[in-house]
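Single-letter residue listing:
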Amino acid sequence: MRAHNEMVADGEWVRYRRMPNRPVELMHAHFEGHVYHAHSHETYSFGCTEFGAQSFDCRGAARTSAAGMVMAFNPDEPHNGHSSTAEGFTYSIVHIGAELVTDLLSDQAGRPAGLPLFAEPVLRDPVLTSALRRLCAALTGPATELAADEALAASVAALTWRAARRPLARSAAEPGAAIAHRVRALLDDRYLDPLSMDDLVEASGASRFALYRAFRANYGLAPSDYQRLLRLRAARRLIAAGRPVAEAAAAAGFADQAHLTRWFRRCYGITPGVYSAA
């Protein structure tokens, strides 16, 4: 694992690693005053709180993960986060690409497997806690690449068997789903453009209020937040490909490097520099 460490504030630190040849990233961090802005990941994200407690909003409800508890986020599942205690919280979180998850599950089942859905964002399950801790240890310690692959497969299997409920799919019957889908398609296609609400109205065929309400209900974010998230993901891909941070910021639609850095840390807990060095 390539790694980079950073002190981000008094008493706060981040260690970030990426697994070679796999869409797997690990962050081990301690935060006290840091507040995550509402965001989501393209990946599945599995976290284990080691010290303290962190609170966040997800699926329309307030959640708290205390020491020993596991967090499970589906791809594109919005959440925020902050410490629940004055002492802060320490946690590890592993981001795993959705295609890798399906590959691992298909290999284990001996047949094509769909995407699992984790119905509960916070889980109290000692078996899953142990599995994630073993995975994090394999990714950060002297384990061989083979041992890390084995720990990854075992963790994905344990999480799916013990916590997943049904295939990951969004029902077309959800209120405003068609409107929200049209708005999202426009944002996905033109996230670098200076879109206006009039553009979204034209694409969706709905009023400003109706499309905003439908998008929030179906995707958990305002359209403007989703557009910024798409730009963050684009910058992240460019940085991972070796582009300088300033170039990635400009190419992804941010005003400058400082603008990207501010939002990158608010949503991912690290700076673009740390991500680049990892």
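Conventions used here
- Residues numbered from 1 in each chain as written.
- Predicted model: local features only at pLDDT ≥ 70, side-chain atom pairs only at ≥ 80, totals over all residues.
- Heavy atoms only, no water.
- Core = buried A, V, L, I, M, F, W, Y, C linked by side-chain atoms within 4.5 Å.
- Buried < 20%, exposed > 50% of the residue type's maximum accessible area, 1.4 Å probe, protein only.
- Helix = DSSP H or I, 4+ residues; strand = E, 2+ residues; numbered from the N terminus.
- Contact = heavy atoms within 4.5 Å.
- Expected span 1.5 Å × (residues − 1).
- Pairing = 2+ DSSP bridges.
- Axes fitted to C-alpha atoms, helices over the stretch in contact; angles between N-to-C directions.
- 1 Å grid on protein atoms, 1.4 Å probe; cavity = no way out; pocket = protein on both sides within 12 Å on 5 of 7 lines; lining within 4 Å.
- Points joined across faces, edges and corners; volume = space filled by probe spheres on them.
- Nonpolar A, V, L, I, M, F, W, Y, C, P; charged D, E, K, R; others polar.
- Salt bridge = Lys/Arg side-chain N within 4 Å of Asp/Glu carboxyl O.
- Phe/Tyr/Trp six-rings, centres within 6.5 Å; stacked < 30°, edge-to-face > 60°.
- Lys NZ or Arg CZ within 6 Å of the ring centre and 35° of its normal.

(A) Examining the nonpolar core more closely. Among the nonpolar cores identified, the biggest contains 51 residues, and Met27, Tyr91, Leu260 and Ile270 are the most heavily contacted of them. The dominant element in this core, judged by the number of residues it contributes, is helix H7 (residues 223–240), at seven residues. What Leu260 contacts, discounting residues up to four positions off in sequence, is Leu232, Ala235, Ile239, Val245, Ala249, Phe254 and Pro272. The next biggest cluster of nonpolar side chains, apart from the first, holds 32 residues, and it includes Phe46, Val70, Ala138 and Ala153.

(B) Focus on helix H1 (residues 98–109). The end-to-end C-alpha separation of H1 is 16 Å, in line with the 16 Å expected for twelve residues at 1.5 Å each. The complete set of buried residues in H1 reads Leu100, Val101, Thr102, Leu104, Leu105 and Ser106. Directly beyond the C-terminal end of H1, a positive phi value near 75° is found at Gly110.

(C) Structural detail: the sheet that holds strand S6 (residues 53–58). Judged by pairing direction, the sheet is antiparallel, and its four strands sit side by side in the order S4-S9-S6-S7 without closing on themselves. Each of the sheet's edge strands pairs with one partner strand only, and the pair in question is strand S4 (36–39) and strand S7 (61–66). Put simply, the sheet's adjacent strands are angled 20° from each other on average, direction ignored. Bridge count for S6 against S7 is six bridges, and the pairing is antiparallel. Note on S7: the bridge partner recorded for Ala53 is Ala66.

(D) Expanded view of the layout of surface pockets. When its volume is computed, the second largest pocket comes out at roughly 460 Å³. Every residue lining the second largest pocket is counted, 19 residues in all, and those nearest its centre are Pro23, Glu25, Thr43, Arg236 and Tyr275. At the level of elements, strand S3 (24–31) and H7 are the ones that each hand at least two residues to the lining of the second largest pocket. Sort the elements by how many residues they give to the lining of the second largest pocket and H7 lands first, with four residues. In terms of residue class, the lining of the second largest pocket is made up of seven nonpolar, four polar and eight charged.

(E) Main features of empty space enclosed by the protein. Inspection of the entire model under this criterion finds three cavities of 30 Å³ or more. In this structure, the largest cavity spans a volume of roughly 160 Å³. Taken together, 18 residues form the lining of the largest cavity, with Tyr36, His39, His79, Tyr91 and Ile93 sitting closest to its centre. At the level of elements, S4, S6, strand S8 (70–73), strand S9 (79–83), strand S10 (89–96) and helix H9 (257–268) are the ones that each hand at least two residues to the lining of the largest cavity. For the lining of the largest cavity, the class distribution of residues is ten nonpolar, seven polar and one charged. Ser40, Asp76, Pro78, Arg184, Tyr219, Leu221 and Tyr226 together form the lining of the second largest cavity. Along the lines of polarity and charge, the residues of the lining of the second largest cavity split into four nonpolar, one polar and two charged.

(F) Region of interest: the pattern of salt bridges. By the definition in use, this model includes 14 salt bridges. Note that Arg236 is salt-bridged to Glu25, the shortest N-O span being 2.5 Å. One end of the pair, Arg236, is in helix H7; the other, Glu25, is in strand S3, with 211 residues separating them in the sequence. Classification of Arg236 by relative accessible area gives buried; the value is 12%. Residue class for Glu25 comes out buried when judged on its relative accessible area of 13%. The salt bridge partner of Asp188 is Arg184, with a shortest N-O separation of 3.8 Å. Taken as a pair, Asp188 and Arg184 lie in helix H4 (residues 177–189) at a separation of four residues, close to a single helical turn. By relative accessible area, which is 36% here, Asp188 ends up partly exposed. We classify Arg184 as buried; its relative accessible area is 18%. Look at the salt bridges and you will find they share partners, linking Asp76, Arg184, Asp188 and Arg233 into a network.

(G) Here's a closer look at the packing of aromatic side chains. Evaluation of the coordinates by the stated rule reveals twelve aromatic pairs. Stacked on the ring of Tyr219, the Lys or Arg Arg184 has its end atom at 4.7 Å from the ring centre. The positively charged end of Arg236 is found above the aromatic ring belonging to Tyr268, 4.4 Å away from the centroid.

Remember, this is a structural readout, not a statement about activity or role.
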